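Overview (structure and organization)
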Amino acid sequence: SYAAIAPDGVVVFLGEGPADAHGVDYNLYQTRISGDTAAPPTPFAPAATTAGEGDPWFARDGSYVIFTRWDRARDWQVDADLYVTFRRGQAWTAAVPLTEMNDPAGPDYAVSISGSPERIYWKRRGGTFTAEWTPILDAAQARAKH
């Protein structure tokens, strides 16, 4: 569920992995759509962790994916934060947190970006929040280079 589709046909979506002591392992998977067919799904590398991941959102040009990550040993509604990974050719950078937006006291999730200049919108306790996207994106790209 929660599929995000890039212009080149790459699809990142939420899938259920095997359950363990912390419950169902929600993670992100990827496939590529070409015509009427989809390639077999594989784990989405930046989100192939023991944490739970969901809510993928692709940049309009397919250059990055924002997603939610949480510690599966805790309730996602306490611990969910937003992360971003950047496409570098056919590979992705390690995911970095969107620290400028993440509330340590509660969940951050359900991203959307729109407008000109671009603004990011996301959910957290207390409603929907918004911020100018360019400075947050620039800071995240700098963190991804290290």
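Keep in mind the model is a prediction, meaning the values are calculated, not measured.

Along its length, the protein chain carries two helices and 13 strands. Here the C-alpha atoms of the protein chain give a radius of gyration of 15 Å, agreeing with the 15 Å that 2.2 N^0.38 yields for 146 residues. Expressed along its principal axes, the backbone C-alpha trace of the protein chain runs to roughly 40 × 40 × 30 Å. The burial tally for the protein chain puts 43% of its 146 residues in the buried class. For the protein chain, the accessible surface area stands at approximately 7600 Å², while carbon and sulfur atoms represent 54% of it. In the protein chain, 13 side chains carry a positive charge and 18 a negative one; their mean positions are 4 Å apart.

This paragraph deals with the nonpolar core. In terms of nonpolar packing, the biggest core is built from 20 residues, with Tyr 64, Ile 66, Leu 98, Ile 120 and Trp 133 touching the most fellow members. Counting only elements with at least two residues in this core, the list comes to β7 (64–70), β8 (81–88), β11 (108–114), β12 (119–124) and α2 (133–144). Sort the elements by how many residues they give to this core and α2 lands first, with five residues. Filtering out sequence-adjacent residues up to four positions away, Leu 98 remains in contact with Ile 66, Leu 82, Tyr 83, Val 84, Trp 133, Ile 136, Ala 140 and Arg 143. Of all hydrophobic cores here, the second largest spans 13 residues; its members include Phe 44, Phe 58, Val 65 and Tyr 83.

All right, on to the side chain of Thr 93 then. You can see Thr 93 is positioned in the loop between β9 (91–92) and β10 (96–97). Sequence-distant contacts of Thr 93, defined by excluding residues within four places in its chain, comprise Pro 46, Thr 85, Phe 86, Arg 88 and Ala 144.

Here we take up unusual backbone geometry. For the bond running from Ser 116 to Pro 117, omega is 5°, close enough to zero to count as cis. Counting through the fold element by element, Pro 117 comes out in the loop between β11 and β12. Backbone geometry at Ala 110 places phi at a positive 55°, although glycine is not the residue there. Tracing the backbone shows Ala 110 in strand β11.

This part takes up the pairing of β7. Counting buried residues in β7 gives seven out of seven residues, a clear majority hidden from the surface. Here β7 shows two buried faces, one formed by Tyr 64, Ile 66, Thr 68 and Trp 70 and the other by Val 65, Phe 67 and Arg 69. Where strand β6 (residues 52–58) and β7 come together, five bridges link them in antiparallel fashion. Bridge pairing in β7 places Phe 58 opposite Val 65. In this structure, the hairpin formed by β6 and β7 is closed by a connection of five residues, where Gly 62 is found at a positive phi of approximately 80°. Where β7 and β8 come together, six bridges link them in antiparallel fashion.

Reading guide: rules and limits
- Residues numbered from 1 in each chain as written.
- Predicted model: local features only at pLDDT ≥ 70, side-chain atom pairs only at ≥ 80, totals over all residues.
- Heavy atoms only, no water.
- Helix = DSSP H or I, 4+ residues; strand = E, 2+ residues; numbered from the N terminus.
- Rg over C-alpha atoms; globule rule 2.2 N^0.38 Å.
- Buried < 20%, exposed > 50% of the residue type's maximum accessible area, 1.4 Å probe, protein only.
- Areas by Shrake-Rupley, 256 points an atom, 1.4 Å probe, with all protein chains shown as cover.
- Lys, Arg positive; Asp, Glu negative; His and termini not counted.
- Charge placed at Lys NZ, Arg CZ, Asp CG, Glu CD.
- Core = buried A, V, L, I, M, F, W, Y, C linked by side-chain atoms within 4.5 Å.
- Contact = heavy atoms within 4.5 Å.
- Pairing = 2+ DSSP bridges.

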